[in-house]
Amino acid sequence: MKRWTVQCTYAAYYANTVVVEADTIEQACEQAIAQANDDPCWKSLDDCGATFVDAIAEGDADPWTDFRSSLPVPSAYCEHGTPPLVTVTVSGGVVQQVAIEGGKVRVHVCDYDTDGADPNDPELETDETGARFALADWSNDLPPDGPAEAALDEARESTPTPE
């Protein structure tokens, strides 16, 4: 059997609830983080996160010493766990389905097969090289913009996927 040196960690959670005024949700988040970080009123939530592995080395070695002995930690044992898997199904040049397993992710499908499309079509995007493409957002991590979007999301979730 081999010997391993494994540093295990858990996150101790503290909270600070602040009130801010902002025009957008992004501005509110930025202001709240800045305000909370400057405020000494943090409170322990008396809850700890799951134990995860920060570093691992084979034998009696310090995995932090210049990272010489540190081995890659398998994703299932990292703080954020195994990342979500996104599978994009394309048939006939058209995205048929995007299957997301394991969590919330942002998925952008860029379709450069725009032959026959009007180059001035406002629906087309332009990348950093100047190439035009159609962008389809299949993300499942963004909250709905309003009641209509929430209903659309519910309809998407209840629609059976073609086999």
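Please refer to the structure higher up on the page.
In this text, all values refer to a predicted model and were calculated from it rather than measured experimentally. Sequence positions are assigned chain by chain, starting from 1 and proceeding in written order. Local features in this predicted model are restricted to residues of pLDDT 70 or higher, and side-chain atom pairs are both shown and tallied only at a pLDDT of 80 or more, whereas totals for entire chains, interfaces and linings draw on every residue. By convention in this description, side-chain values take in all heavy atoms of the structure and omit both hydrogens and water.

To continue, consider the sheet that holds strand β5 (residues 70-71). What the 3 strands build is an open sheet, ordered β1-β4-β5; its pairing is antiparallel. One side of each edge strand has no neighbouring strand; the edge strands of this open sheet are β1 (4-9) and β5. Criterion used throughout: strands pair if DSSP finds at least two bridges between them. In this description a helix means any DSSP run of H or I spanning at least four residues, a strand means any run of E spanning at least two, and both kinds are numbered starting from the N terminus. Both strand β4 (residues 52-58) and β5 contribute to a ladder of 2 bridges, which runs antiparallel. Residue pairing across strands places Ala57 opposite Ser70, the latter belonging to β5.

On to the pattern of salt bridges, then. Oppositely charged side chains can pair when the atoms bearing their charge come close. Salt-bridge detection follows one rule: a side-chain nitrogen of Lys or Arg within 4 Å of a carboxyl oxygen of Asp or Glu. A full pass over the atoms with the stated rule returns 2 salt bridges. Put simply, Lys2 and Glu58 hold a salt bridge, and the shortest N to O gap is 3.6 Å. Residue Lys2 is located in the segment before β1, and its partner Glu58 is located in strand β4; the two are separated by 56 residues in the primary sequence. Between buried and exposed lies partly exposed: a residue is buried under 20% and exposed over 50% of the maximum accessible area for its type, with that area taken using a 1.4 Å probe on protein chains only. Classification of Lys2 by relative accessible area gives exposed; the value is 55%. Residues Arg3 and Asp60 are paired through a salt bridge, measuring 2.8 Å at the closest nitrogen-oxygen approach. Here Arg3, found in the segment before β1, pairs with Asp60, found in the loop between β4 and β5; they are 57 residues apart in sequence, far enough to count as distant.

Here we take up the sheet that holds strand β8 (residues 108-111). Spatial ordering of the open sheet is given by β8-β10-β9, a layout of 3 strands whose pairing is antiparallel. Edge strands, defined here as strands with exactly one partner in the open sheet, are β8 and β9 (124-126). Neighbour to neighbour, the strand axes of the sheet diverge by 45° on average, direction disregarded. Angular values range over 0 to 180 degrees, each being the angle between N-to-C directions of two axes fitted as lines to C-alpha atoms, with helices fitted over their stretch in contact.

This part is about the environment of Gln27. Relative to the helices and strands, Gln27 is located in helix α1 (residues 25-37). A distance of 3.0 Å separates the side chain of Gln27 from the backbone nitrogen of Asp23, its partner in a polar contact. Residues adjacent in sequence count toward polar contacts only when both atoms are side-chain atoms; beyond that, a polar contact is any pair of N or O atoms within 3.5 Å, and within protein one must be able to donate a hydrogen and the other to accept it.

Turning next to the pairing of strand β6 (residues 85-91). Pairing analysis gives 7 bridges linking β6 to strand β7 (residues 94-101), with the strands arranged antiparallel. Each bridged residue has a counterpart across the sheet, and for Thr87 the counterpart in β7 is Ala99. The antiparallel hairpin formed by β6 and β7 contains 2 residues in its connecting segment, where Gly92 sits at a positive phi of about 65°.

Before going further, it helps to spend a moment on the packing of aromatic side chains. Pairs were defined over the aromatic rings of Phe, Tyr and Trp, the Trp ring being its six-membered one, requiring ring centres within 6.5 Å. Orientation was assigned from the angle between planes: stacked under 30 degrees, edge-to-face over 60, tilted for the rest. Tallied over the full model, the rule gives 1 aromatic pair. Aromatic side chains Tyr112 and Phe133 sit 5.1 Å apart centroid to centroid with 35° between the ring planes, which places their arrangement in the tilted category. Of this pair, Tyr112 sits in the loop between β8 and β9 while Phe133 sits in strand β10 (residues 132-137), and the two are 21 residues apart along the sequence. Taking relative accessible area as the criterion, Tyr112 reaches 42% and is therefore assigned partly exposed. For Phe133, a relative accessible area of 8% gives the class buried.

Once that is clear, we can look at a nonpolar patch on the surface. Patch membership requires over 30% relative accessible area and the absence of a salt bridge. Like charges are linked within 9 Å, and nonpolar side chains (Val, Leu, Ile, Met, Phe, Trp, Tyr) within 5 Å. Note that accessible areas follow from Shrake-Rupley with a 1.4 Å probe, and for residues the cover is restricted to the protein chains shown. A grouping of Trp4, Val6 and Leu71 is seen on the molecular surface, where their side chains present a nonpolar patch of about 260 Å² in accessible area. In this fold, Trp4 is placed in strand β1.

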